[in-house]
Amino acid sequence: MGQPPGEPPEPDDDERRRRDRDTEPIPRIRPEDGPGRPDGPDGPSLPDDGGYPTGSAYPGEDRSGRAWVRDPEAGYQPPQFTEDELAGLRVDASGLPSGPRRVLPLEDEPSSLVARYLFPTERYRGEWKRHWIHLATPLLVGIAATFVLGYLSGFLAGQDVGALTTVAVLAWFVVMGWVAWKVADWWYDRFILTNKRVMVVNGIITRKVAMMPLARVTDMKYEQSPTGRALNYGTFVLESAGQDQALREIKNLPNPNELYLRVVEEMYEPQAVEARLGKEADEAKADDGA
């Protein structure tokens, strides 16, 4: 059946649906309905679960790439951090990190062996004996001498040479006396650090005290052989602006990396050392008071 002339053509179904969609009123949102929930009479409302099944969650990431999960019922869940992750970000009142230190703890007081070489206005930072590898040669000699004496004693027991056995025993005592001397010398040999200088004190009968002011140290390094890396010892080399150096090379010091950090911190960040020591003293007083 034809359409009368002069009248517009009848719209088809697709055109009618487009017109209805364009003229559909925009739904109003009320605050009490919550975000994204339109008013029912003015438009289609969303279900209470936001269109997701109850208890469902979908993953996402925050700016740092850490995964987080959003529960439609509980809302946004922020990323969770452990105490270990936050420890390195915390600082105390002085602005210093409150996490674990990278250097060994400081001793409170110098030993009687070292105290006599410090003047009153000097601040003590620590003292260290050389690594036990310093005694490797004397100990090996003592062990070898003991085995040799045992062998000779068994060999000479069946011989009529009592004088040789006595000589062997006396030689063993001499060797062991030398070993004991080396051990005592190792015990009295100390590397000392203060806020003004580094020192090495050694000797039992003849005492030797070598020092170098920190202000004159122009370069410092430590060296570790493969054995030193395995056993954690090294050799420190100090360079000074002066021509004659009383203290340049210090062998067989323990924990060279920690000791290096300690000396460098004392040279370049003395305020940080003082702040840390002050904090430790306050904590110690608080613990004593508690």
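Cut-offs and rules
Residues numbered from 1 in each chain as written. Predicted model: local features only at pLDDT ≥ 70, side-chain atom pairs only at ≥ 80, totals over all residues. Heavy atoms only, no water. Helix = DSSP H or I, 4+ residues; strand = E, 2+ residues; numbered from the N terminus. Buried < 20%, exposed > 50% of the residue type's maximum accessible area, 1.4 Å probe, protein only. Contact = heavy atoms within 4.5 Å. Expected span 1.5 Å × (residues − 1). Arc of directions from axis to C-beta. Pairing = 2+ DSSP bridges. Axes fitted to C-alpha atoms, helices over the stretch in contact; angles between N-to-C directions. Salt bridge = Lys/Arg side-chain N within 4 Å of Asp/Glu carboxyl O. Phe/Tyr/Trp six-rings, centres within 6.5 Å; stacked < 30°, edge-to-face > 60°. Polar contact = N/O pair within 3.5 Å; in protein donor to acceptor, adjacent residues only side chain to side chain. Patch = residues over 30% accessible without salt bridge, like charges linked within 9 Å, V, L, I, M, F, W, Y side chains within 5 Å. Areas by Shrake-Rupley, 256 points an atom, 1.4 Å probe, with all protein chains shown as cover.

Focus on the overall build of the protein chain
For the protein chain, the count of helices and strands is eight helices and nine strands. For the protein chain, buried positions account for 25% of its 290 residues. If you take every contact in the protein chain between residues at least 6 apart in sequence, the share linking residues at least 24 apart comes to 44%.

A word on helix H4 (residues 136-157)
The terminal C-alpha atoms of H4, which comprises 22 residues, lie 32 Å apart, in line with the 32 Å expected from a rise of 1.5 Å per residue. Taken together, the buried positions of H4 are occupied by Pro138, Gly142, Ala145, Leu149 and Leu156. End-on view of H4: buried residues confined to an arc of 75°, all on one side of the axis. The exposed set on the far side of H4, more than 90 degrees from its buried face, consists of Leu140, Phe147, Tyr151 and Gly154.

A few points about the sheet that holds strand E9 (residues 249-254)
Spatial strand order, E7-E8-E9: three strands in an open sheet with antiparallel pairing. Of all strands in the sheet, those with a lone pairing partner are strand E7 (217-223) and E9, marking the two edges. Adjacent strand axes in the sheet meet at a mean angle of 25° when their direction is disregarded. Relative to E9, strand E8 (residues 233-240) runs antiparallel, the two being bridged by four bridges. Looking across to E9, one finds that Gly234 is bridged to Leu253. Each of E7, E8 and E9 touches helix H7 (residues 256-268); the most contacted strand, E7, lies at about 170° to it.

Quick notes on the pattern of salt bridges
Note that side chains of opposite charge can pair when their charged atoms are close. Within this structure, the stated rule accounts for seven salt bridges. Between Asp189 and Arg130 there is a salt bridge; the shortest N-O distance is 2.6 Å. With Asp189 in the loop between helix H5 (162-187) and strand E4 (190-194) and Arg130 in the loop between strand E3 (124-129) and H4, the pair connects residues that are 59 residues apart, well separated along the chain. On the basis of relative accessible area, Arg130 is assigned to the buried category, the value being 13%.

Description of the packing of aromatic side chains
All chains considered together, the criterion is met by five aromatic pairs. One aromatic cluster is present, formed by Tyr222, Phe236 and Tyr260 through successive ring pairs.

A closer look at the sheet that holds strand E6 (residues 208-213)
Across the sheet, four strands lie side by side as E3-E4-E5-E6; this open sheet has antiparallel pairing. The open sheet has two edge strands, E3 and E6, and neither has a second partner. Averaged over all pairs of adjacent strands, the angle between strand axes in this sheet comes to 15°, irrespective of strand direction.

Some words on the pairing of E6
Pairing of strand E5 (residues 197-202) with E6, which is carried by six bridges, proceeds in the antiparallel orientation. Each bridged residue has a counterpart across the sheet, and for Asn202 the counterpart in E6 is Lys208. What sits between E5 and E6 in their antiparallel hairpin is a turn of five residues, with Gly203 showing a positive phi close to 105°.

Considerations on unusual backbone geometry
The phi torsion at Asn232 lies on the positive side, around 65°, for a residue other than glycine. On the basis of relative accessibility, which here comes to 33%, the residue Asn232 falls in the partly exposed class. Its identity is not glycine, yet Asn255 carries a phi of approximately 45°, on the positive side.

Quick word on the side chain of His131
Position of His131 among the secondary structure elements: in the loop between E3 and H4. Look at His131 and you get buried, because its relative accessible area is 7%. Separated by 2.9 Å, the side chain of His131 and the backbone oxygen of Leu231 make a polar contact. Setting aside chain neighbours within four positions, we find His131 in contact with Trp186, Leu231, Asn232, Tyr233, Asn252 and Pro254.

Quick word on H7
An ideal rise of 1.5 Å per residue puts 18 Å on 13 residues; H7 measures up with 18 Å between its terminal C-alpha atoms. Those residues of H7 that fall on the buried side of the exposure criterion are Pro256, Leu259, Arg262, Val263, Glu265 and Glu266.

Here's the deal with a nonpolar patch on the surface
A surface patch of nonpolar side chains, about 530 Å² in accessible area, is lined by Trp181, Trp187, Tyr188, Ile204 and Ile205. Along the chain, Ile204 falls in the loop between E5 and E6.

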